[in-house]
Amino acid sequence: MNQSKNNTAFRNPMNTIRKATPSDIPAIRKMADVAFRHTYRDILTPQQMEYMMEWMYSEASLHEQIETLGHQYFILSIEGNDAGYVSFNIEKEDDNRILFHLQKIYLLPELQGRGFGALLLKHAEACMKARGGAEAVRYELNVNRNNRAVAFYEHMGLYKDREGDFPIGGGFFMNDYIMAKEL
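A few points on the structure. From a predicted model like this one, the values you see are computed outputs, not experimental measurements. (Residues numbered from 1 in each chain as written. Predicted model: local features only at pLDDT ≥ 70, side-chain atom pairs only at ≥ 80, totals over all residues. Heavy atoms only, no water.)

**Regarding unusual backbone geometry**
Residues other than glycine predominantly adopt negative phi, and peptide bonds predominantly adopt the trans conformation.
(1) Moving on: Of note in the backbone geometry, glutamate 79 takes a positive phi value of approximately 50° without being a glycine.
(2) Moving on: Residue position: glutamate 79 is located in the loop between β2 (72-78) and β3 (81-94).
(3) Moving on: Its identity as a non-glycine residue notwithstanding, asparagine 96 has a phi of 60°, on the positive side.
(4) Moving on: Within the secondary structure layout, asparagine 96 lies in the loop between β3 and β4 (97-107).
(5) Moving on: Residue asparagine 96 is classed as exposed on the basis of its relative accessible area, which comes to 59%. (Helix = DSSP H or I, 4+ residues; strand = E, 2+ residues; numbered from the N terminus. Buried < 20%, exposed > 50% of the residue type's maximum accessible area, 1.4 Å probe, protein only.)

Structure follows, in structure tokens:
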């Protein structure tokens, strides 16, 4: 990785991260259609791919995530073009402790490996930490056990906490590590 090139890219005023609103749902769907499919093209069957795209990225599902389930989405734009997204929500909150779940983090394929994923993840972590205030903050993330992004998450300080095979409907399962990080 060319650090000076990446530092310049991060300082570029045309590179921004904004909080998504329901009006951003078409942009999220458009990015997911490329990034999610690229990520799982060699991992999921075509049938499971289509099932998961509908389950997670239909317009109705995204509206429910944002408007009802409390998922916060942030969109990375590079030189004015939407390039990736991250989302998280509070999974559990009790005395002096908040558990977040990092739901999604995806970049367009041509931008992967250039530091933008780290930028998105650090932004999400900062938002979670700010929301947690003085409380202990932990977040978890489901990652397919065959996803090469496992190494990225470990590089970013997450660890494999446990694993499982989770039914998602339609006869399909997510075969995941649950990775975690304390903030």
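**Side note on the side chain of glutamate 140**
(1) Moving on: Mapped onto the fold, glutamate 140 is located in strand β5 (residues 136-144).
(2) Moving on: The buried category is assigned to glutamate 140, whose relative accessible area is 6%.
(3) Moving on: For glutamate 140, the side chain forms a polar contact with the side chain of arginine 138, separated by 2.9 Å. (Polar contact = N/O pair within 3.5 Å; in protein donor to acceptor, adjacent residues only side chain to side chain.)

**Regarding the packing of aromatic side chains**
(1) Moving on: Using the criterion set out here, one finds 10 aromatic pairs in the structure.
(2) Moving on: Ring centres of phenylalanine 74 and phenylalanine 88 lie 6.0 Å apart, and the angle between their planes is 15°; this geometry places the pair in the stacked category. With phenylalanine 74 in strand β2 and phenylalanine 88 in strand β3, the pair connects residues that are 14 residues apart, well separated along the chain. Assigned by exposure class, phenylalanine 74 and phenylalanine 88 land together as buried. (Phe/Tyr/Trp six-rings, centres within 6.5 Å; stacked < 30°, edge-to-face > 60°.)

**Here's the deal with the environment of tyrosine 85**
(1) Moving on: Mapped onto the fold, tyrosine 85 is located in strand β3.
(2) Moving on: In this structure the C-alpha to C-alpha distance between tyrosine 85 and isoleucine 75, which are 10 residues apart in sequence, comes to 4.4 Å.
(3) Moving on: In contact with tyrosine 85, other than residues within four places in its own chain, are Ile28, Met31, Ala32, Tyr57, Tyr73, Phe74, Ile75, Lys104, Ile105, Tyr106 and Leu120.
(4) Moving on: In this structure the side chain of tyrosine 85 is engaged in a polar contact, spanning 2.8 Å, whose partner is the side chain of tyrosine 57. (Contact = heavy atoms within 4.5 Å.)

**Brief notes about the sheet that holds β3**
(1) Moving on: Strands sit in the order β1-β2-β3-β4-β5-β7-β6 across an open sheet of seven strands; the sheet is mixed. Each having just a single partner strand, β1 (16-19) and β6 (159-169) make up the two edges of the open sheet. Between one strand axis and the next, the sheet turns through 30° on average, direction left out of account.
(2) Moving on: Where β5 lies against strand β7 (residues 172-182), seven bridges are found, and the strand directions are antiparallel. (Pairing = 2+ DSSP bridges. Axes fitted to C-alpha atoms, helices over the stretch in contact; angles between N-to-C directions.)

**Notes on the pattern of salt bridges**
(1) Moving on: Counted by the stated rule, this structure contains 16 salt bridges.
(2) Moving on: Measuring nitrogen to oxygen at the nearest pair gives 3.2 Å for the salt bridge that ties arginine 131 to glutamate 93. You can see arginine 131 sitting in helix α5 (residues 116-132) and its partner glutamate 93 sitting in strand β3, a full 38 residues away along the chain.
(3) Moving on: The exposure class of arginine 131 is partly exposed, given its relative accessible area of 39%.
(4) Moving on: The class of glutamate 93 is partly exposed, set by a relative accessible area of 41%.
(5) Moving on: In this structure, arginine 145 engages glutamate 163 in a salt bridge whose closest nitrogen and oxygen atoms are separated by 3.7 Å. (Salt bridge = Lys/Arg side-chain N within 4 Å of Asp/Glu carboxyl O.)

**Regarding the nonpolar core**
(1) Moving on: The biggest cluster of nonpolar side chains holds 53 residues, and the ones touching the most others in it are Phe36, Tyr57, Tyr85, Leu102, Met128, Tyr153 and Leu158.
(2) Moving on: Top contributing element to this core by residue count: helix α2 (residues 25-40), with seven residues. (Core = buried A, V, L, I, M, F, W, Y, C linked by side-chain atoms within 4.5 Å.)

**Points about the side chain of glutamine 48**
(1) Moving on: Mapping glutamine 48 onto the fold places it in helix α3 (residues 46-57).
(2) Moving on: Of the polar contacts made by the side chain of glutamine 48, one reaches the backbone oxygen of phenylalanine 173; its length is 2.9 Å.
(3) Moving on: Sequence-distant contacts of glutamine 48, defined by excluding residues within four places in its chain, comprise Ile168, Phe172 and Phe173.

**Re the packing of α3 against helix α4 (residues 59-67)**
(1) Moving on: Running from N to C, α3 and α4 point in directions that differ by 40°, and their axes come no closer than 5 Å. In this view, α3 runs oblique relative to α4, as classed from their interaxial angle. Between α3 and α4, the contacting residues are Glu54, Trp55, Met56 and Tyr57 on the first element and Glu59, Ser61, Leu62 and Gln65 on the second.
(2) Moving on: The residue inventory of the contact of α3 with α4, partitioned by class, reads four nonpolar, two polar and two charged. (Parallel < 35°, antiparallel > 145°, perpendicular 65-115°, else oblique. Nonpolar A, V, L, I, M, F, W, Y, C, P; charged D, E, K, R; others polar.)

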